[in-house]
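Listed below are the residues making up each chain.
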Amino acid sequence: MGDDTDAAASRMAHDGAGEEAGSAEPIEYVHGTEPGLAERAARTSEVELHPPGRVEEIIVTGPCPACGDTTFHVEPLFLYRGATARGRDVVVEVICACGVAHPGAPQGEDGCGRSWVLSVLVPG
Amino acid sequence: MKLPQVRPGPAGTAESRRHAEEVQALLRSEVTRVRHQAEQWRNGLAALLTLITTVSVVKGRDSIAGLTGPFQVAVGAALLAGLVLAACGTYVGMRAAYGLPIRQALGSAKDLRDYQRRSATHSARDLRWAISLLFATLVAVVAAVGLTWYGPSAAEAPVEARTRTGQRHCGTLTELADDVLVISTDQTVRIAVRELESLSVVRSCGS
């Protein structure tokens, strides 16, 4: 987790330019998912249960596996609130919200448009 | 608590993506929505507070004046309780709608999210309190109105007359004219004022 190398690699693989994340031109906006994003994100994302001691939200931070820019995602768990979330696999669909202006992005979108699904096992 | 284990999840679909977008949209508007709700409730509470104060000040004295002593106190207490509850409800409602000015360090995205969640949680909690206080206010006002309507009026309170000859008559005072006192008991009793030793208002005509 927290290894930016993978994200940079994914970015290189994506645009083929071989540039470092954050230093190249932002990639084209694409609304949807792509194969391999979830696998890369599972290795590079930092996943945290928030606030500590209670399970109200899952916070996912780390590089977007598509564009390489740092993204921040909050998954509310109000429906599973409290103890019921513990010991469960929670499916989290993360949408890139890197805040970088990607060409072709609709008004109000603050990411590259890609999303990926992670399965987070909340400890019991 | 141990760290959560993360694995690649199932393949995303158009449906799951739409759901995720809606969740994020709801999350972004969380504080705004709660505060908007609180604003509407606060308006309701403010209207109620205005109503209570108007009724208490304009109409209250006439209505209460006709009651017997303990009921006057009870109505006054209920109205005061209603006023205090409504004032507290308005304050809590306003706090839910607008929050209190505080200094907050927002160093990271997580700090900002914490602040947003706290604001939404506090607003929702204040709103629940404001609603409870609104209903408590209503209960107090209804109690005051009920006591005013159904409480015994001072005119109907029984009186006990004792005569110099040691007789005791208890009933409702209906007339005092030409130095003669008229008390309604099971029958109408007429007592000359000069024969009267004492006359007092009593809670009830006991044995």
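Scroll up to find the structure this text is about.
So, how was this worked out
- Residues numbered from 1 in each chain as written.
- Chains lettered and ligands numbered in written order.
- Predicted model: local features only at pLDDT ≥ 70, side-chain atom pairs only at ≥ 80, totals over all residues.
- Heavy atoms only, no water.
- Buried < 20%, exposed > 50% of the residue type's maximum accessible area, 1.4 Å probe, protein only.
- Helix = DSSP H or I, 4+ residues; strand = E, 2+ residues; numbered from the N terminus.
- Pairing = 2+ DSSP bridges.
- Axes fitted to C-alpha atoms, helices over the stretch in contact; angles between N-to-C directions.
- Contact = heavy atoms within 4.5 Å.

Enquirer: Describe the pairing of strand β2 (residues 158-163) of chain B, and please don't skip the residues or the numbers.
Expert: Residues and elements named next belong to chain B. Burial analysis of β2 places 5 of its 6 residues in the buried class, which makes it a mostly covered element. Where β2 and strand β3 (residues 168-177) come together, 5 bridges link them in antiparallel fashion. Along β3, the bridge assignment pairs R162 with R168. Adjacent in sequence and paired antiparallel, β2 and β3 are bridged by 4 residues, among which G166 carries a positive phi angle near 90°.

Enquirer: Which residues make up the sheet that holds strand β5 (residues 115-121) of chain A, and what values do they have?
Expert: Strands sit in the order β4(A)-β5(A)-β1(B) across an open sheet of 3 strands; the sheet is antiparallel. Only two strands of the sheet have a single neighbouring strand rather than two, namely β4 (89-95) of chain A together with β1 (5-8) of chain B. The mean angle between the axes of side-by-side strands here comes to 30°, regardless of whether they run parallel or antiparallel. In this structure, β5 of chain A lies alongside β1 of chain B, joined through 4 bridges in antiparallel fashion. Its bridge partner being in β1 of chain B, S119 of chain A is matched across the sheet by R7 of chain B. Each of β5 of chain A together with β1 of chain B touches helix α2 (residues 37-44) of chain A; the most contacted strand, β5 of chain A, lies at about 50° to it. Packing against the sheet, helix α1 (residues 14-28) of chain B makes contact with β4 and β5 of chain A, and its axis sits at approximately 80° to β4 of chain A.

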